[in-house]
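One-letter residues, chain by chain:
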Amino acid sequence: MQDAKGPDQLFQRALAEGEILLPKCDDCGAYHFFPRVLCPHCHGTAISWKQAGGKGRVHTTTVVRRKPERGGDYNVCVVELDEGVRMMSRVEGIAPGEVVIDMPVTAFVGEAEGVPAVLFKPSEG
Amino acid sequence: MTTELRGKSAIVGTGHAGLGEAHGLTAYDVMAQSALAALGDAGLKLSDVDGLFCTMMEDSMPALMAAEYLGIQPRFIDGTMSGGSSFVNYLTSATMALDAGLCDVALIVYGSNQRTASGRLVTASRPPAYEAPYNPRYPISAYAMAAARHMHEYGTTREQLADVAVAARAWAQRNPEAFERGPLTREDVLGSRMVGDPLTVRDCCLVTDGGGAIVMVRADRARDFPKAPAYVLGSAAASSHRQISQMKDFTVTAARDSGARAFAAAGVTPADIQAVELYDAFTINTILFLEDLGFCAKGEGGAFVEGGRIAPGGVLPVNTNGGGLSCVHPGMYGIFTVIEAARQIRGDAPGIQLKDIDLALAHGNGGVLSSQVTAILGSRNTL
Ligand SMILES: [Zn+2]
């Protein structure tokens with residue numbers, strides 16, 4: 001993806017380099033996610049990329065129950081970042097059932113299903 | 001403000017096939033048997049059908065596959081795919097097509113063999129790219145996260161969710177067409193296997209085979225058929241997202257909008273509705289839709305369904321056939337909400353037939369709370 005052009009390619013290339021970029025509209029100033037060629041709020045097409053602050057809160061969460069021999073239970077959640085966008089992810093480092101709504105979390109670039117992905121861990125302090 | 005389409009079309013036939021298990025049959029076989037059953041109910045033949053409204057789980061061109069299988073060349077086709085709500089949505093397009101003279105006999109039809117074919121949800125739909133890596137179990141993880149948020153914001157309890165399943169089972173126990181008719185208590189639901197917290201397997205719809213079909217004509221012809229017609233008084237659609245991570249408020253669905261417009265089109269209010277048929281893919285759905293359609297206030301859905309209040313003999317008859325939770329759920333349940341609403345009005349409900357039903361509501365849900373479509377059906381007395 002050396003010559004990445006599209007919004008998805010640019011997001012994925014940054015992620016592969018360990019960076020979380022978020023699309024921000026030049027016209028209305030709002031962030032959005034997932035990346036796309038227009039702003040879903042004002043429909044402007046001038047979009048810039050900003051480094052994500054990485055802080056957010058769990059908006060809602062579930063535990064996917066899975067047999068131990070297939071890898072056991074895991075967390076699936078939706079996180080709202082301080083920038084105001086939401087994304088599906090999971091919180092790692094604690095038991096899946098310990099993830100609760102409104103919990104402060106910090107983003108990091110990890111791996112999910114063999115591809116670079118935005119994951120979260122409980123915020124410290 | 002009612003619309004020009006109020007009462008312009010009517011359901012004159014309903015049918016189904018392969019409910020539960022349809023051994024040895026394909027999804028299209030079940031679809032075709034359902035079509036024949038509905039046409040038989042209306043006293044019509046397949047060769048009378050000139051409008052086809054159909055989608056299936058298996059293909060990207062299911063309406064064409066269905067027309068070919070049935071051996072018809074319809075002059076109007078709608079295959080809009082908004083998930084399980086599609087079949088409620090077709091009430092709008094069929095009414096428009098009939099009213100405009102684009103067709104004279106509209107057939108809405110669906111069929112599935114997912115239970116005997118694979119035992120799980122079959123779908124041609126691809127997992128969304130920004131969600132797939134996290135392996136949400138589709139679709140339960142989405143509904144589980146909506147339930148979790150409702151519990152967090154409004155104090156809704158797992159017991160209240162369980163009571164939705166218990167009420168559905170009580171209706172199903174009186175319906176010989178229902179698939180699950182054994183006893184079910186609140187404790188059974190709470191104690192069954194957890195699938196996606198806070199939902200247990202008994203908070204989830206069935207996985208069955210089955211198909212359904214509806215025959216519609218213009219209202220001016222509707223009295224020329226064997227049974228009483230059910231008129232379409234109002235229908236409206238609204239959608240809010242496709243991926244669950246894009247849902248703005250996990251406790252409010254677009255049913256608030258579709259419901260308000262359907263009620264306005266029909267010129268009636270929730271208090272007028274005598275039978276409520278909701279797409280209950282999961283127990284949280286019933287609570288969300290009762291709130292969003294205006295049967296109770298936001299946040300009060302849990303208390304509204306508690307302790308048999310929507311069961312037989314309760315304050316409001318909801319999912320009188322047993323719903324997707326206990327009657328039938330062949331991948332997409334939407335058409336069965338319309339069929340049961342129409343049958344209550346026409347007086348041929350398979351289970352508990354409520355007395356003198358003039359107004360019934362059918363509500364379809366599609367995707368992951370993504371698409372909401374509400375329809376209000378009425379008897380001749382409501383025209
Ligand atoms: Zn903008």
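Residues numbered from 1 in each chain as written. Chains lettered and ligands numbered in written order. Predicted model: local features only at pLDDT ≥ 70, side-chain atom pairs only at ≥ 80, totals over all residues. Heavy atoms only, no water.

Report on the coordination of the zinc ion, specifying residues and quantitative values.
Residues and elements named next belong to chain A. Each protein donor to the zinc ion is listed here as C25 (SG), C28 (SG), C39 (SG) and C42 (SG); together their distances run 2.3 to 2.4 Å. Classification of the site at the zinc ion rests on its four donor atoms, whose angles at the metal span 100 to 114 degrees, yielding the label tetrahedral. All donor residues of the zinc ion come from one chain, and their arrangement in sequence is C-x2-C-x10-C-x2-C. In this pair, C25 is assigned in strand β1 (residues 21-25) and C42 in the loop between β1 and β2 (47-51), connecting sequence segments 17 residues apart. Classification of C42 as partly exposed rests on a relative accessible area of 35%. (Donors = N, O, S within 2.8 Å, 3.2 Å for Na, K, Ca; no water. Tetrahedral: all angles 85-135°; square planar, octahedral: opposite > 155°, others 65-115°. Helix = DSSP H or I, 4+ residues; strand = E, 2+ residues; numbered from the N terminus. Buried < 20%, exposed > 50% of the residue type's maximum accessible area, 1.4 Å probe, protein only.)

How would you sum up the nonpolar core? Please name residues and give values.
Grouped together as the largest cluster of nonpolar side chains are 149 residues, with contacts concentrated most on L91(B), M216(B), L290(B), F295(B) and I376(B). Leave out the neighbours within four places in its chain, and L290(B) touches L278(B), F295(B), C296(B), F304(B), V305(B), I310(B), L316(B) and V318(B). (Core = buried A, V, L, I, M, F, W, Y, C linked by side-chain atoms within 4.5 Å. Contact = heavy atoms within 4.5 Å.)

Could you give me a rundown of the domain arrangement of chain A, with the residues and numbers involved?
Residue and element names in this part refer to chain A. Along its sequence, chain A is organised into domain 1 (7-51) and domain 2 (55-122). Each of domain 1 and domain 2 has a C-alpha centre, and these two points are 21 Å apart. At the junction of the two partners, domain 1 supplies 11 residues and domain 2 supplies 11 residues. Summed over both sides, the interface between domain 1 and domain 2 buries roughly 830 Å², with carbon and sulfur atoms accounting for 83% of that surface. On the domain 1 side of the interface with domain 2, the three residues burying the most area are L15, I20 and F33, jointly 53% of the side's total. Remark: the boundary between domain 1 and domain 2 carries zero salt bridges. Residue contributions to the side of domain 1 that touches domain 2 peak at three residues, all from helix α1 (residues 7-16). The residue makeup of the side of domain 1 that touches domain 2, split by class, is seven nonpolar, three polar and one charged. (Domains from an automatic or database assignment. Buried area = accessible area lost by both parts, 1.4 Å probe. Salt bridge = Lys/Arg side-chain N within 4 Å of Asp/Glu carboxyl O. Nonpolar A, V, L, I, M, F, W, Y, C, P; charged D, E, K, R; others polar.)

For the environment of V318(B), give the residues involved together with the corresponding values.
Residues and elements named next belong to chain B. With respect to the secondary-structure elements, V318 resides in the loop between α10 (301-305) and α11 (323-326). On a C-alpha basis, the gap between V318 and P330 in space is 20 Å, while along the polypeptide they are 12 residues apart. Look past the residues within four positions of V318 in its chain and what remains in contact with it is W171, V276, L278, T286, L290 and I310.

Account for the pattern of salt bridges, naming residues and giving values.
Where charged atoms from two side chains of opposite charge come close, those side chains can pair. Residue and element names in this part refer to chain B. Taken as a whole and judged by the stated rule, the model has 19 salt bridges over all chains. For E21, the salt bridge is made with R115, and the minimal N-O distance between the two is 2.7 Å. Here R115 lies in helix α4 (residues 114-117) and E21 lies in the loop between β1 (9-20) and α1 (27-42), a separation of 94 residues in the sequence. Taking the relative accessible area as the measure of exposure, E21 reaches 38% and is therefore partly exposed. On the basis of relative accessibility, which here comes to 31%, the residue R115 falls in the partly exposed class. One connected set of salt bridges, linked through shared partners, spans D41, E177, K227, R343, R346 and D348.

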